[in-house]
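Here is what each chain is made of, one letter per residue.
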Amino acid sequence: MKVLILTLKGLSRLPLGVLYIFADLCFPILYYLMRYRRRVVRENIARSFPEKSQSERLSIERKFYRFFCDYVVETLHLLSMSEEEMRRRMVVEGVPDMEDSLTRHPFVFIYLGHYCNWEWISSIPLWSTRSEHVNGQLYRPLKNKAFDQLFMDLRTRFGAVNISKYEALRHILTYRKEGRRAIIGFISDQSPKPISIHEWVNFLHQDTPVFTGTERIGKRVDAAVYFADVRRVKRGYYHLTLRCMTEDIHSYPDFRLTELYMAELEKMIQRQPHLWLWSHKRWKHKREAVEALQRQHAAGENRE
């Protein structure tokens, strides 16, 4: 394992143009030979774009796999990328607005998605004009300790702090108790566990369970909320616009802000559909089965 990690770190030092050659070579292997999650990707795209023709959906599918190979080498390159190169390749707009919001609120929460290169968004601290606040992001720890440390290293290279999703509330409440202001990113577009599902929305033509933790924690700590709107300008170059969704989170009824986030994410996906993580089993939970499981769980708790 150590040899593999050292090899990856060595490869990360290659120019991104060279790494893209590896990405081009990996595409036919991943798509045609390994057929990595082809069935999941194809079904997700078909259900999300019923208005598109078969050839249009297949085009999105192939473009997704090409982008996914690019994402892998871009993320690898992050291990060695200089600040100057990152600033050229990931332009971030809206950080001063967020920091201004932070003068009126103890926290700013950013809604993110698995869209474009979400790992590069950890470079937001490079665009900060102040150093007194925390720049953090939630993450799910990996079971493999070596790879978990590898991803910790690449996600903290430019000053961001990693916060385990399982300890998010504790960390945030600790920051509040200590009087430390923080900007924290939440990737909220995957599928929650059935027992944790509180809300469903219509997303990409499908009944979709959603994470509501960002909104619920935000209301508890009076956070301003922003949306990360990102575009791929060209290969290896992205533009991120941080757009304020609200500075009055309590004015929204429960789950309304989550619905607005999902609507913004859908618009972003429709703009460049191949840049979302279609290989994730986003719609594996169905409402009737989830509600039956939740009733069973509640009945078991009542008996106790």
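Residues numbered from 1 in each chain as written. Predicted model: local features only at pLDDT ≥ 70, side-chain atom pairs only at ≥ 80, totals over all residues. Heavy atoms only, no water.

### Section: a positive patch on the surface
Next, step 1: Residues Arg37, Arg140, Lys143, Lys165, Lys193, Lys281 and Lys284 make up a contiguous surface patch of positive charge.
Next, step 2: On the secondary structure map, Lys193 appears in the loop between β5 (182-187) and β6 (199-203). (Patch = residues over 30% accessible without salt bridge, like charges linked within 9 Å, V, L, I, M, F, W, Y side chains within 5 Å. Areas by Shrake-Rupley, 256 points an atom, 1.4 Å probe, with all protein chains shown as cover. Salt bridge = Lys/Arg side-chain N within 4 Å of Asp/Glu carboxyl O. Lys, Arg positive; Asp, Glu negative; His and termini not counted. Charge placed at Lys NZ, Arg CZ, Asp CG, Glu CD. Helix = DSSP H or I, 4+ residues; strand = E, 2+ residues; numbered from the N terminus.)

### Details of the packing of helix α8 (residues 168-178) against helix α9 (residues 213-221)
Next, step 1: Where α8 meets α9, the axes come as close as 11 Å, and the angle between the chain directions of the two elements is 20°. Judged by the inter-axis angle, α8 sits roughly parallel to α9. Regarding α8 and α9, the two cross each other, and that crossing is right-handed. Taken together, the residues of α9 that come into contact with α8 (itself represented by Leu169, Ile172, Leu173 and Arg176) are Ile217, Arg220 and Val221.
Next, step 2: In the contact of α8 with α9, the residues fall into five nonpolar, no polar and two charged. (Axes fitted to C-alpha atoms, helices over the stretch in contact; angles between N-to-C directions. Parallel < 35°, antiparallel > 145°, perpendicular 65-115°, else oblique. Left-handed = near helix turned anticlockwise from the far one by under 90°. Contact = heavy atoms within 4.5 Å. Nonpolar A, V, L, I, M, F, W, Y, C, P; charged D, E, K, R; others polar.)

### Brief notes about the nonpolar core
Next, step 1: Grouped together as the largest cluster of nonpolar side chains are 71 residues, with contacts concentrated most on Met98, Ile124, Phe203, Leu240, Leu242, Ile269 and Trp278.
Next, step 2: Here this core gets nine residues from one element, more than from any other, and that element is helix α4 (residues 54-77).
Next, step 3: When neighbours within four sequence positions are excluded, Trp278 is seen to be in contact with Val40, Val41, Asn44, Ile45, Ser48, Phe49, Ile60, Phe64, Leu204, Ile269 and Pro273.
Next, step 4: If you look at the next biggest cluster of nonpolar residues, it comprises twelve residues, including Val134, Tyr175, Ile217 and Val221. (Core = buried A, V, L, I, M, F, W, Y, C linked by side-chain atoms within 4.5 Å. Buried < 20%, exposed > 50% of the residue type's maximum accessible area, 1.4 Å probe, protein only.)

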